[in-house]
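# Structural characterization, general
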Amino acid sequence: MTQAPAGSPGNALAGTEVDWTWGRLLRWTGLALLMGAVFMVVATLLHPSRETATTIMASEGRLVVSHSLYTLSWLLVLLGLPGLYATQRGKMARLGVVGFLGAFVGTYLIAVTGNFGFLAPVLAKEAPTVLNSINQYTAVIVVNGLAAVVFIIGYAVLGIAMTRTATLPRLSGVLVAAGGPVHLLGFGAAQLISPVLWPIAVLGSVSLGAGLAWPGYRLWGVRVATVRLLLNRRRRA
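One structure accompanies this document, and this report is about it.

In this fold, Ala-210 is placed in helix α8 (residues 198–236). Sequence separation between Ala-210 and Val-176 is 34 residues; the distance between their C-alpha atoms is 7.8 Å.

Here's what the structure looks like:
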């Protein structure tokens, strides 16, 4: 197969096609980040302030819906984070690499451990003692602790890296850096200390959600204009 010479219209059109596809992909990552942030806040608002056998049975419907939304939220955030990092990679430098990897892995681990929320209603009804035993099992404690630590550090570092860019709103980085740790620490405090502390988890989810939704919305909106520009150039080629 013959290859078009460099600078030929064929190569120019191919390059435009790649740019247009990449721009469209980035648009969707922005939308995924935006929707994931919204679902995260809604899931936290629906989630019971404490998970015991009694509260799980009393609020089974809310718990299942909440964990379903959390699962969808984390999936969308995992799809959106690469787009956010790709557009800011040069400006975030090494701190951004650490933050992105930490936030991505932490989100994945939280999504995996959150699957227990679908089993909890069955265990609460059929074997409440088993439910308590699982929560106290060493391996479960270690995995949950690891997920929490990576999540907290990842989003704290990512948020700091976001504040150092000139193209992202500084406040969005502050919201991410504060929201990730506050959300999980509030979640844990409500479960281990008192459900009165649950509003801290809600506040953290709102902060983290707003911090992610802001650049997600900007990425979605900016890329719409970019894709239109590329399409116009393609039509004139």
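Turning our attention to a nonpolar patch on the surface. Residues Leu-72, Leu-75 and Leu-79 make up a contiguous nonpolar surface patch of about 260 Å² in total accessible area. Checked against the element boundaries, Leu-72 lands in helix α3 (residues 60–113).

The next thing to look at is helix α7 (residues 170–192). Here α7 is 23 residues long and its end C-alpha atoms lie 34 Å apart, about the 33 Å a rise of 1.5 Å per residue gives. Along α7, the residues that are buried comprise Ser-172, Gly-173, Val-176, Gly-179, Gly-180, Pro-181, His-183, Leu-184, Gly-186, Ala-189, Ala-190 and Gln-191.

Moving on to the layout of surface pockets. Here the largest pocket defines a volume of roughly 1,300 Å³. Along its surface, the largest pocket is lined by 39 residues, and Glu-51, Asn-135, Asn-144, Phe-187 and Gln-191 are the ones closest to its centre. Among the secondary structure elements, those contributing two or more residues to the lining of the largest pocket are α2 (53–58), α3, α4 (116–126), α5 (128–135), α6 (138–163) and α7. Of the residues belonging to the lining of the largest pocket, the class tally is 22 nonpolar, 15 polar and two charged.

Evaluation of the coordinates by the stated rule reveals seven aromatic pairs. The interplanar angle of 45° and the centroid separation of 5.8 Å between the aromatic rings of Phe-100 and Phe-104 together place this pair among those described as tilted. Residue Phe-100 and its partner Phe-104 are both found in helix α3; the two are separated by four residues, about one turn of the helix. Of the residues examined, Phe-100 reaches a relative accessible area of 15% and is grouped as buried. On the basis of relative accessible area, Phe-104 is assigned to the partly exposed category, the value being 30%. Grouped by ring-pair contacts, the aromatic residues Tyr-70, Trp-74, Phe-151 and Tyr-155 constitute a single cluster.

About the thresholds
Numbering of residues begins from 1 in every chain and follows the order in which that chain's sequence is written. Confidence filtering applies because this is a predicted model: local features only for residues at pLDDT of at least 70, side-chain atom pairs given and counted only at 80 or more, and all residues used for totals across whole chains, interfaces and linings. Computation of side-chain values: all heavy atoms of the structure, hydrogens and water removed. Strands are runs of DSSP state E lasting at least 2 residues, helices are runs of H or I lasting at least 4, and numbering of each runs from the N terminus. Note that patches include only residues with greater than 30% relative accessible area and no salt bridge, and the join distances are 9 Å for like charges and 5 Å for nonpolar side chains (Val, Leu, Ile, Met, Phe, Trp, Tyr). Using a 1.4 Å probe, the Shrake-Rupley method yields the accessible areas, and only the shown protein chains count as cover for residues. Salt bridges are defined by distance alone: a side-chain nitrogen of Lys or Arg within 4 Å of a carboxyl oxygen of Asp or Glu. Helix span, as expected, comes to 1.5 Å for every residue beyond the first. Burial status follows relative accessibility: with a 1.4 Å probe on protein chains alone, a residue under 20% of its type maximum counts as buried, one over 50% as exposed, and anything between as partly exposed. Cavities and pockets are defined on a 1 Å grid built over the protein atoms alone: a cavity is a set of grid points where a 1.4 Å probe fits but cannot escape, while a pocket is an open set with protein on both sides within 12 Å along at least five of seven lines, and lining residues are those with an atom within 4 Å of any such point. Grid points are joined across faces, edges and corners, and a volume is the space filled by probe spheres set on the points. Gly counts as polar in this scheme, as do all residues outside two lists: the nonpolar Ala, Val, Leu, Ile, Met, Phe, Trp, Tyr, Cys and Pro, and the charged Asp, Glu, Lys and Arg. Between rings of Phe, Tyr and Trp, where Trp is taken as its six-membered ring, a pair exists when centres lie within 6.5 Å; planes separated by under 30 degrees are stacked, by over 60 edge-to-face, and by other angles tilted.

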